[in-house]
Amino acid sequence: MPEFSGEVGSMFGKHKGKLAVGAAAMLGIAIFYKWREHRLAKDDPEEYARLQRLKQAVKNEERTHQEP
């Protein structure tokens, strides 16, 4: 098992810059979509309500697939 942890540590060491860029990109996307959703709530309440219904439907669908 020590060999595996050494390999993983080495892999993270070699690619930490790429991992950091990926994490920053994901955070940026999350912030953008939160801002966009907030803006949509102000500018177009009907479309915002439709988006919320779609999000709820997706959550319900995921829940039904996860439960045995």
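See the structure shown above.
Residues numbered from 1 in each chain as written. Predicted model: local features only at pLDDT ≥ 70, side-chain atom pairs only at ≥ 80, totals over all residues. Heavy atoms only, no water.

1. Things to note about the overall build of the protein
Part 1 of the reasoning: Counting secondary structure elements, the protein contains 2 helices and 0 strands.
Part 2 of the reasoning: Against the compact-globule benchmark of 11 Å for 68 residues, the protein has a radius of gyration of 20 Å, which places it well outside the compact range.
Part 3 of the reasoning: Projected onto the principal axes, the alpha-carbon positions of the protein cover approximately 55 × 35 × 10 Å.
Part 4 of the reasoning: When the 68 residues of the protein are sorted by exposure, 1% land in the buried category.
Part 5 of the reasoning: Of the roughly 6,300 Å² that the protein leaves accessible, carbon and sulfur atoms contribute 63%.
Part 6 of the reasoning: Each charge class in the protein can be summarised by its mean position, and for the 12 positive and 10 negative side chains these summaries are 7 Å apart. (Helix = DSSP H or I, 4+ residues; strand = E, 2+ residues; numbered from the N terminus. Rg over C-alpha atoms; globule rule 2.2 N^0.38 Å. Buried < 20%, exposed > 50% of the residue type's maximum accessible area, 1.4 Å probe, protein only. Areas by Shrake-Rupley, 256 points an atom, 1.4 Å probe, with all protein chains shown as cover. Lys, Arg positive; Asp, Glu negative; His and termini not counted. Charge placed at Lys NZ, Arg CZ, Asp CG, Glu CD.)

2. What about the packing of aromatic side chains?
Part 1 of the reasoning: Inspection of the entire model under this criterion finds 2 aromatic pairs.
Part 2 of the reasoning: Taken together, a centroid distance of 5.3 Å and an interplanar angle of 75° make the contact between phenylalanine 32 and tyrosine 33 edge-to-face.
Part 3 of the reasoning: Looking at tyrosine 33, the relative accessible area reads 47%, which means it is partly exposed.
Part 4 of the reasoning: With a centroid separation of 6.0 Å and an interplanar angle of 35°, the aromatic rings of phenylalanine 32 and tryptophan 35 are classed as tilted. Of the two residues, phenylalanine 32 and tryptophan 35 both sit in helix α1 (residues 2-43), 3 residues apart, roughly one turn of that helix.
Part 5 of the reasoning: Residue classification places tryptophan 35 among the partly exposed residues on the basis of a relative accessible area of 48%.
Part 6 of the reasoning: Linked through ring pairs, Phe32, Tyr33 and Trp35 together constitute an aromatic cluster. (Phe/Tyr/Trp six-rings, centres within 6.5 Å; stacked < 30°, edge-to-face > 60°.)

3. Let's talk about the pattern of salt bridges
Part 1 of the reasoning: Tallying each qualifying case throughout the model produces 3 salt bridges.
Part 2 of the reasoning: Across the salt bridge formed by lysine 55 and glutamate 37, the nearest N and O atoms sit 3.0 Å from each other. Placement of the pair is lysine 55 in helix α2 (residues 45-66) and glutamate 37 in helix α1, with a sequence separation of 18 residues.
Part 3 of the reasoning: Classification of lysine 55 by relative accessible area gives partly exposed; the value is 34%.
Part 4 of the reasoning: The partner of glutamate 47 in a salt bridge is arginine 50, with the nearest N and O atoms 3.3 Å apart. Taken together, the residues glutamate 47 and arginine 50, both in helix α2 and 3 residues apart, mark about one turn of the helix. (Salt bridge = Lys/Arg side-chain N within 4 Å of Asp/Glu carboxyl O.)

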